[in-house]
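So you can see what is in the structure, the chains are spelled out below.
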Amino acid sequence: LAEDRSTVATLLVVDATASMAYPDRTLGKWKAACDVAVGLAAVAHTSRDPVGLVVVSGDGMRQLPPRTRRGIVGELARALDDVTPRGSRALAPAMSGIRSRIRVAIVSDFLGDADDLRRRAGEVAAAGGEVHAIHMVADEELDPPARSFLAVDPEDASVARPFVAEARPAYLERFGAWRTELAASWRAEGLSYTVARVSEPASRVVRRVAGAALGMGRAAPSDGRRETR
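Residues numbered from 1 in each chain as written. Predicted model: local features only at pLDDT ≥ 70, side-chain atom pairs only at ≥ 80, totals over all residues. Heavy atoms only, no water.

Peer 1: Help me understand the pattern of salt bridges, please; the structure alone is not making it clear to me.
Peer 2: In a structure, side chains of opposite charge can pair up when their charged atoms sit close to one another. Within this structure, the stated rule accounts for 14 salt bridges. Residues joined by salt bridges that share partners form a network here, namely Lys29, Asp109 and Glu141. (Salt bridge = Lys/Arg side-chain N within 4 Å of Asp/Glu carboxyl O.)

Here it is in structure tokens:
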């Protein structure tokens, strides 16, 4: 695969709010998100594009501006290693101030301000940017245990609901409908959307997102500076 194009920076926006610390015994969703983010950073860096990072958690936003220097992927990986997902914070503000010609990959479970985030992503895309949503979903969310337990909102402990066996079909139906609606709403904005199941190898997710990025590059109108062949 050969590319003749001007440099396009890649910015990784990674959700580190409390809902990403699930399941709490393994932090599986968070660890998978980090693996996907580092994989995407490596792909962009190999293409000689600047790579940067924004991590959003209850503690605020940590930012590393896009760089091409040697070792930037390791720097991003270490920054993610230093984070423990916690608290609640909107992701949409992380998209403010983004210049138009940029590639943004949002790695999140989209359990927060998904609508505001999508609208802001749409604005970036309309201005000539490229946005990819990577939706992290834990296996336990797709197939919850049949036993009864108390489900507590990790970002608001005051919200708790008993989850009994009889409620399982209704949960599965609503969770499935929400995922379908979420995917449709992002794609309707002309944005890339990829589901990443936590048990799926990160390399496979990265390949799917990279394939979507290549497709968007081919579909993008030529401005005389970027051509993919």
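Following the structure, the description resumes.
Peer 1: Any chance you could explain the side chain of Ser108 here in plain terms?
Peer 2: Counting through the fold element by element, Ser108 comes out in strand S5 (residues 102–108). Among the residues examined, Ser108 registers a relative accessible area of 1% and is labelled buried. From its side chain, Ser108 meets the backbone nitrogen of Phe110 in a polar contact 2.8 Å long. (Helix = DSSP H or I, 4+ residues; strand = E, 2+ residues; numbered from the N terminus. Buried < 20%, exposed > 50% of the residue type's maximum accessible area, 1.4 Å probe, protein only. Polar contact = N/O pair within 3.5 Å; in protein donor to acceptor, adjacent residues only side chain to side chain.)

Peer 1: When you look at the environment of Met20 in this model, what are you seeing that I'm missing?
Peer 2: Summarising the element assignment, Met20 is placed in the loop between strand S2 (9–15) and helix H1 (28–46). The spacing of Met20 and Leu111 is 91 residues in sequence and 9.1 Å in space, taken between C-alpha atoms. In this view, Met20 contacts Asp15, Lys29, Trp30, Ala33, Pro85, Ser108, Asp109 and Met136; residues no more than four positions away in its chain are not counted. (Contact = heavy atoms within 4.5 Å.)

Peer 1: Whenever I open this one, the packing of H1 against helix H2 (residues 72–81) confuses me. Can you help?
Peer 2: Two quantities define a packed helix pair, namely the angle between the helix axes and the distance between the axes. Contact geometry for H1 and H2: axes closest at 9 Å, N-to-C directions at 165 degrees. Here H1 is positioned roughly antiparallel relative to H2, judged by the angle of their axes. Once H1 is placed against H2, the crossing between them reads as right-handed. Where H1 approaches H2, its residues Trp30, Cys34, Ala37, Val38, Ala41, Ala42 and His45 are matched on the opposing element by Ile72, Val73, Leu76, Ala77 and Leu80. (Axes fitted to C-alpha atoms, helices over the stretch in contact; angles between N-to-C directions. Parallel < 35°, antiparallel > 145°, perpendicular 65-115°, else oblique. Left-handed = near helix turned anticlockwise from the far one by under 90°.)

Peer 1: Help me understand the pairing of strand S4 (residues 60–67) in this model?
Peer 2: Each regular strand displays side chains that alternate between the two surfaces of the sheet. Both strand S3 (residues 51–57) and S4 contribute to a ladder of 6 bridges, which runs antiparallel. When the sheet's bridge partners are listed, Leu53 is paired in S4 with Leu64. Hairpin connection between S3 and S4: a loop of 2 residues separates the two successive antiparallel strands. (Pairing = 2+ DSSP bridges.)

Peer 1: Is there a simple way to explain the pairing of S3 in this structure?
Peer 2: Where burial is concerned, most of S3 is hidden: 7 out of the 7 residues are buried. Burial along S3 is two-sided: the face carrying Val51, Leu53, Val55 and Ser57 and the face carrying Gly52, Val54 and Val56 are both buried. When S2 meets S3, the two strands line up parallel, connected through 6 bridges. Note that in S3 the partner of Leu12 across the bridge is Leu53. As a crossover connection, the stretch from S2 through H1 into S3 is right-handed. (Right-handed = clockwise from strand over helix to strand, strands pointing away.)

Peer 1: Sorry if this is basic, but what is going on with the nonpolar core here?
Peer 2: It is characteristic of soluble globular proteins that their nonpolar side chains tend to be buried jointly. Counting 31 residues, the largest nonpolar core has Leu12, Trp30, Leu53, Ile134 and Met136 as its most contacted members. Put simply, the parts of the chain that give this core at least two residues each are S2, H1, S3, H2, S5, strand S6 (130–137) and helix H6 (202–219). Among the elements that line this core, the one with the most residues is H1, at 9 residues. Excluding its chain neighbours within four sequence positions, the residues that come into contact with Leu12 are Ala37, Leu40, Ala41, Val51, Gly52, Leu53, Val54, Leu76 and Ala105. (Core = buried A, V, L, I, M, F, W, Y, C linked by side-chain atoms within 4.5 Å.)

Peer 1: How should I be thinking about the packing of helix H3 (residues 114–126) against helix H5 (residues 168–188) in this particular structure?
Peer 2: Where H3 contacts H5, the two axes come as close as 10 Å, and the packing angle between them is 20 degrees. In terms of orientation, H3 and H5 fall into the roughly parallel class. As H3 runs across H5, the sense of the crossing is right-handed. Two secondary-structure elements touch here, H3 through Ala114, Leu117, Arg118 and Ala121 and H5 through Leu182, Ser185 and Trp186. Considering only residue class, the contact of H3 with H5 consists of 5 nonpolar, 1 polar and 1 charged. (Nonpolar A, V, L, I, M, F, W, Y, C, P; charged D, E, K, R; others polar.)

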